[in-house]
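# Chains, contacts and geometry: an overview
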Amino acid sequence: MTDLNTPEWVNGAKLAVRPRSAGTALPMFPPKPEDTVRGPLIVSALPAELPRSLRAAAAPIPVAVPLARPSADRTPPVGGGSSAEGIRRGGEDRSTGEDRRRGVERSAGWRRKSVAVGAAGVLVVAVAVLFAWVLPTGEPAPPAAVAPAPVGEFDFHRLPDTEEPIRDSDCAPHAYGRTQEFLVANRCLQLTRAVYSAALPGGRTVFTSVAVVRMRTEEASVQLTELVRQEGTGSVTDLLRDQVVTVPGLDRLSRGGFAAERAGRDVVIVESDTVERDPDAVLHRAVMKRISTDAVRLGAELR
């Protein structure tokens, strides 16, 4: 058996060593740095790869190593790092899987607490703003503004006796004629009345009754409006006739001019007259009707 390093002759040339089988590499090692004299090239005869049987024998045997439990006196990491970063001593990372898990849980807990605290702060501010807006400030609320009546031909002023309108929940006792019969059969929701005055050219004063009858349905308000517009069907009594308001020389206003208009379920009924009547009865009634027609707008103040 020939040694691997025995020289052989190949094709008439002498080889230093026996040729190796195909696929086997010859490792070459350079000289050490401290060598000053270049030495001969050292050729290893070891194979580049161990046989499979030797590799299996040389495989490392796994050994179970118990994880170190974190000690109570462990110094926290410098620089504000969490325990998940481990404690590095002498360049070696001594953190364990348990340390990393606890560090991650602690970081997640701090994030959840930060989010909860931020949300609670926003909620407190929102509640404070809401209470400041809703709760009274101690000052009395301003009275509800009364819608001003549209500007018309005459300047009406409400009499002091009806500065607060007179309201009734039963209309039939404050009506007469066929109008009363209708209101008995078709009960209203509310009757609101007031008396106004206006100055006329020549120094006379006209007194005007404004009554708003609120019916339960629009159909009933349409029927009431058509009824009171007819002659001889009666009407709603004014406050002079009911003796709530006293005007010397007048006991009712139904002898003057009349007007009626409907607004939804409300029927506005107006009557006007003066103490000193015009000698021309027809002219007097025409002027009073014009005044009553202009006063229909006052119903918006009473609704």
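Notes on the structure in this doc start here. (Residues numbered from 1 in each chain as written. Predicted model: local features only at pLDDT ≥ 70, side-chain atom pairs only at ≥ 80, totals over all residues. Heavy atoms only, no water.)

## Some points on the packing of aromatic side chains
This structure, assessed with the given rule, holds one aromatic pair. When the ring centre of Tyr176 is taken as origin, the NZ or CZ atom of Arg241, which lies over that ring, is 4.1 Å away. (Phe/Tyr/Trp six-rings, centres within 6.5 Å; stacked < 30°, edge-to-face > 60°. Lys NZ or Arg CZ within 6 Å of the ring centre and 35° of its normal.)

## Side note on the pairing of strand β11 (residues 257–263)
As paired elements, β11 and strand β12 (residues 266–274) share seven bridges and run antiparallel to each other. Pairing of Ala259 across the sheet is with Val270, part of β12. Here β11 hands over to β12 after two residues, with Gly264 in that stretch at a positive phi of 70 degrees. (Pairing = 2+ DSSP bridges. Helix = DSSP H or I, 4+ residues; strand = E, 2+ residues; numbered from the N terminus.)

## Description of the side chain of Thr225
Among the secondary structure elements, Thr225 is positioned in helix α4 (residues 218–228). Polar contacts involving the side chain of Thr225 include one to the main-chain carbonyl oxygen of Ser221, which spans 2.8 Å. Thr225 has contacts with Arg262 and Val267, leaving out every residue within four places of it along the chain. (Polar contact = N/O pair within 3.5 Å; in protein donor to acceptor, adjacent residues only side chain to side chain. Contact = heavy atoms within 4.5 Å.)

## As for the state of the cysteines
Considering all chains together, one arrives at one disulfide under this definition. The partner cysteine of Cys171 in its disulfide is Cys188, sulfur to sulfur 1.8 Å. On the sign convention where negative is left-handed, the bridge of Cys171 and Cys188, at about 95 degrees about the S-S bond, is right-handed. Of this pair, Cys171 sits in the loop between β8 (166–168) and α3 (177–185) while Cys188 sits in strand β9 (residues 188–199); the two residues are 17 residues apart in sequence, bridging distant segments of the chain. (Disulfide = S-S within 2.5 Å.)

## Description of the environment of Phe182
When you line up the elements, Phe182 lands in helix α3. Residue classification places Phe182 among the buried positions, given a relative accessible area of 13%. The spatial distance from the C-alpha of Phe182 to the C-alpha of Gln223 is 9.0 Å, given a sequence separation of 41 residues. Setting aside residues no more than four positions away along its own chain, Phe182 makes contact with Met215, Ala220, Gln223, Leu224 and Leu227. (Buried < 20%, exposed > 50% of the residue type's maximum accessible area, 1.4 Å probe, protein only.)

## So, the pattern of salt bridges
What the rule picks out here adds up to 13 salt bridges. Here Arg193 ties to Asp242 by a salt bridge, and the two come within 2.7 Å at their closest N and O atoms. Of the two residues, Arg193 sits in strand β9 while Asp242 sits in the loop between α4 and β11, which places them 49 residues apart along the sequence. Residue class for Asp242 comes out partly exposed when judged on its relative accessible area of 28%. (Salt bridge = Lys/Arg side-chain N within 4 Å of Asp/Glu carboxyl O.)

## Concerning α3
Spacing of three or four residues puts side chains on the same side of an α-helix, whose turn is 3.6 residues. Every buried residue of α3 is listed here: Thr179, Phe182 and Leu183. Buried residues in α3, looked at end-on, bunch into an arc of 95 degrees, giving them a common side. Those residues of α3 that are exposed and angled more than 90 degrees off the buried face are Glu181, Val184 and Ala185. Each element contacted by the buried residues of α3 is listed here: β10 (205–215) and α4. (Arc of directions from axis to C-beta.)

Any functional reading would require information that these geometric values do not contain.
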